[in-house]
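Inside the fold
One-letter residues, chain by chain:
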Amino acid sequence: MLSNYLKITLAVMRRRKFFTFISLFGICMTLTILIVLTAFYEHMFGGKYPEVYRNRSLFSSMIEEIDTTTDATRRGPMSVYFIKQYISTLKTPEKVGFSSTPNTVNTYGNGKKLKLYFKYTDPVFWEILAFDFLEGQAITQQNFDRNEAVVVINDQTRDDYFGKDVSAVGKTIEINGQNLRVIGVVRGSPITRLMVSADVYMPYLLQKGDPTSTSFNGPFQAIVVAKSEQEVAAMQAEFDDVVRRIPLQQYGDFKPQVLKTSLLPYFESISMGGLLGAEEGKAQQRFFTIAILFALFFMSLPAINLVNINVSRILERSSEIGIRKSFGASAQTLVYQFVLENILITLIGGALALLISAGILWWFNNSHFIDYADLTINWTVVIITIVLSLVFGLMSGVLPAWRMSKLPIVEALRA
Amino acid sequence: MLSLQNIEKIYRTDTIETLALQNINLEVAKGEFLSIMGPSGCGKSTLLNIMGLLDAPTGGAVSFENEALTGFSDKKLSQFRNQKIGFIFQSYHLINDLPVLDNVELPLLYRNVSGSERRRLAQEALEKVGLSNRMKHYPSQLSGGQKQRVAIARAIVGRPHLILADEPTGNLDSAMGNEIMEILEQLNRDDQTTIVMVTHDENMAKRTHRLVRLFDGSLVSSNSFYNA
Ligand SMILES: Nc1ncnc2c1ncn2[C@@H]1O[C@H](COP(=O)(O)OP(=O)(O)OP(=O)(O)O)[C@@H](O)[C@H]1O
Ligand SMILES: [Mg+2]
């Protein structure tokens, strides 16, 4: 029975090449685009290597100081002093780590000029993130206590500076005129993980500048990890409360009356949040609403298409329906056949989409457009879209099939 | 085996009412080979469709093997058609997207018959009509006579008790028509299959057991031939 239906489906698909193409193309295109877009979304915002705690992490926003009399505003990341004074002292978080916003430096290794992204970090940074160490280890409190000039590099930098797969631990690398001893090599992460990615990581104590400065402004961002996802909100609230009581600083002529800063989920913490209402912490929700509406709109085109094709496909097969009924197919059996055909076409379209998207993602991951890109297929999205296509397919297939199957045989045969 | 009582069929459209059949009383005996003749438009096909449960009469009752078939559900009627009746249409009505063998298997598809058994029975039926060398062909690759033989194979594959043939030779030349007729005669003789056949050909009709004539929706005469 099934093989017969399969045969007729394939025969119909073969015979109606153009319609087959359109319906497969519709399903395939939509699915591919959704899969690729969600892969990029997840690549940017999902909790991927090495940010396994992202779900219960918050990130410090910029500090914004406003002089309401002149409307002058000063905005920027924070200093180690500020973090230690006001964030590390919070009671709710399990861990508070920090790192500097990425900076570039040129260096020479292996006879080549290398442009490296580097970050200053504290030791907790390494406890929060799940970096894979290819060799050596992370920067620890001990390194800080001894004020050691050490560095952790990623595998790309090791390969470029010391040679491919050459052991680097114990060797020195020259950065900003300083000779730093490599103590660990990590598997790199894509630069889109803005808070954590770099080629080179150094203890923040190696940063030039006055270590006793009490300025709020500096190049640092804090990563604050709650004990559980449930405590994230409390952590945010505690900090909001602290911020209200921070004594304001004055900078010469600039005398702000207001200081704003907060701990935000990742999505809100990066620039996109500002557009969608970071203040209320609803940016991601809004983004999702927009994205889902967009996806639905986007899917409605092939859906309408599919409905259309299905209806005409079934209408034109009334003689087949008449014949099958003459030889004993019940209305129910016929509907079953058309449902199967629909499922088959949708699944073929889905399979094609999977192949194509896997190809696109593979190509992107290997294109070095973004180093360490690790785009993956989100199976939830795949399953949801395939189920949606099936629903559309069924709605558009079952109803006309049901009506056709009710058609008097004599009339069906005549058509 | 088949009994029609007071059958009436009226086609109603918004503007006109066509009385296609009226006051038809007919008994078909088991093992009989009956032919129906009449001018075009007199209601022969309509009558055959009612006999085969493809169409419902607007009045009267049909009973098959002493079972009254009025008020049967779609499912029950399908089952009945599937198990008891085999159709042969003037215009063949093969599924063009399926090869010959799959076309012949069709009635078995709606029974509990395994794939291999279906295949075996379909091959056997095709052998009977002399087409075992065309199993993988598609209908479009066959001549009219070959198509009609495929249709016969499909009609007999499920060993129905009754075969209904609506002008089975109507589209064929006389030689081909003769061959088809021989197959039907053989089925009737060897397997005691009851056959009702509509024809325009007096010579074909004479080869059957009995001929009924239809005129304007009514039965006008009935001849029996004992030469068969
Ligand atoms: N669906 C229908 N709607 C309206 N009238 C119909 C319909 N089907 C058949 N008729 C009418 O019923 C009458 C009998 O038709 P039928 O097809 O049974 O004739 P027939 O004897 O088989 O003719 P032919 O020898 O040309 O095949 C005709 O007058 C025809 O116009
Ligand atoms: Mg007719």
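The rules behind the values
- The residue numbering used here restarts from 1 in each chain and proceeds along that chain's sequence as written.
- Written order decides the labels, with chains lettered from A and ligands numbered from 1.
- Since the coordinates come from a predicted model, pLDDT governs what is reported: local features require at least 70, and pairs of side-chain atoms require 80 or more to be given and counted, while whole-chain, interface and lining totals use all residues.
- Side-chain calculation: all heavy atoms of the structure are included, whereas hydrogens and water are not.
- When DSSP finds two or more bridges between a pair of strands, those strands are recorded as paired.
- Only runs of H or I of at least four residues qualify as helices and only runs of E of at least two qualify as strands under DSSP, and these elements are numbered from the N terminus.
- Domains are outlined according to an automatic or database domain assignment.
- We call two residues in contact whenever any of their non-hydrogen atoms come within 4.5 Å of each other.
- As a working definition, buried area equals the accessible area (1.4 Å probe) given up by two parts on being put together, with both sides summed.
- One speaks of a salt bridge when a side-chain nitrogen belonging to Lys or Arg is within 4 Å of a carboxyl oxygen belonging to Asp or Glu.
- Polar contact criterion, stated in full: a pair of N or O atoms within 3.5 Å, where within protein one must be able to donate a hydrogen and the other to accept it, and residues adjacent in sequence count only if both atoms are side-chain atoms.
- Under the scheme applied here, ten amino acids are nonpolar (Ala, Val, Leu, Ile, Met, Phe, Trp, Tyr, Cys and Pro), four are charged (Asp, Glu, Lys and Arg), and all others, including Gly, are polar.
- Residues are called lining when one of their atoms sits within 4 Å of a cavity or pocket point, these points coming from a 1 Å grid over the protein atoms alone, where a cavity is a set in which a 1.4 Å probe fits but cannot get out and a pocket is an open set with protein on both sides within 12 Å along at least five of seven lines.
- Grid points are joined across faces, edges and corners, and a volume is the space filled by probe spheres set on the points.

**Examining the sheet that holds strand β4 (residues 59–64) of chain B**
Residues and elements named next belong to chain B. Reading across the sheet, the four strands line up as β2-β1-β4-β5 and stay open at both edges, with antiparallel pairing between neighbours. Edge positions in the sheet fall to β2 (17–28) and β5 (67–68), since each of these pairs with one other strand and no more. When strand β1 (residues 2–12) meets β4, the two strands line up antiparallel, connected through five bridges. Opposite Leu2, over in β4, you have Phe64 as the bridge partner.

**A short note on the domain arrangement of chain A**
Reports of interface size often rely on the accessible area that becomes lost once the parts have come together. All names here are of chain A. By the assigned domains, chain A splits into domain 1 (2–46 + 285–414) and domain 2 (62–263). On the domain 2 side, the residues contacting the seven residues of domain 1 number nine residues. In total, about 710 Å² of surface goes out of reach between domain 1 and domain 2, with carbon and sulfur atoms giving 53% of it. Taken as a group, His43, Met44 and Tyr372 account for 69% of the area that domain 1 buries against domain 2, more than any other trio of residues on that side. Linking domain 1 with domain 2 are one salt bridge, by the criterion used here. For Asp374, the salt bridge is made with Arg193, and the minimal N-O distance between the two is 2.7 Å. Inspection of the domain 1/domain 2 interface yields five residue pairs in polar contact (both at pLDDT 80 or more). Split into classes, the residues belonging to the side of domain 1 that touches domain 2 amount to four nonpolar, one polar and two charged.

**Comments concerning empty space enclosed by the protein**
Residues and elements named next belong to chain B. According to the stated counting rule, one finds seven cavities of 30 Å³ or more in the structure shown. Taken as a whole, the second largest cavity spans an internal volume of roughly 80 Å³. What lines the second largest cavity is Leu121, Glu124, Ala125, Lys128, Ile156, Val157 and Arg159. Among the elements that line the lining of the second largest cavity, the one with the most residues is helix α4 (residues 115–128), at four residues.

**Quick word on unusual backbone geometry**
Residue and element names in this part refer to chain A. A cis geometry characterises the amide bond from Tyr49 onward to Pro50, with omega recorded as -5 degrees. Relative to the helices and strands, Pro50 resides in the loop between α2 (17–45) and β1 (57–60). Even without a glycine there, the phi angle at Asn147 is positive, about 50 degrees. In this structure, Asn147 sits in the loop between α5 (141–145) and β8 (150–154).

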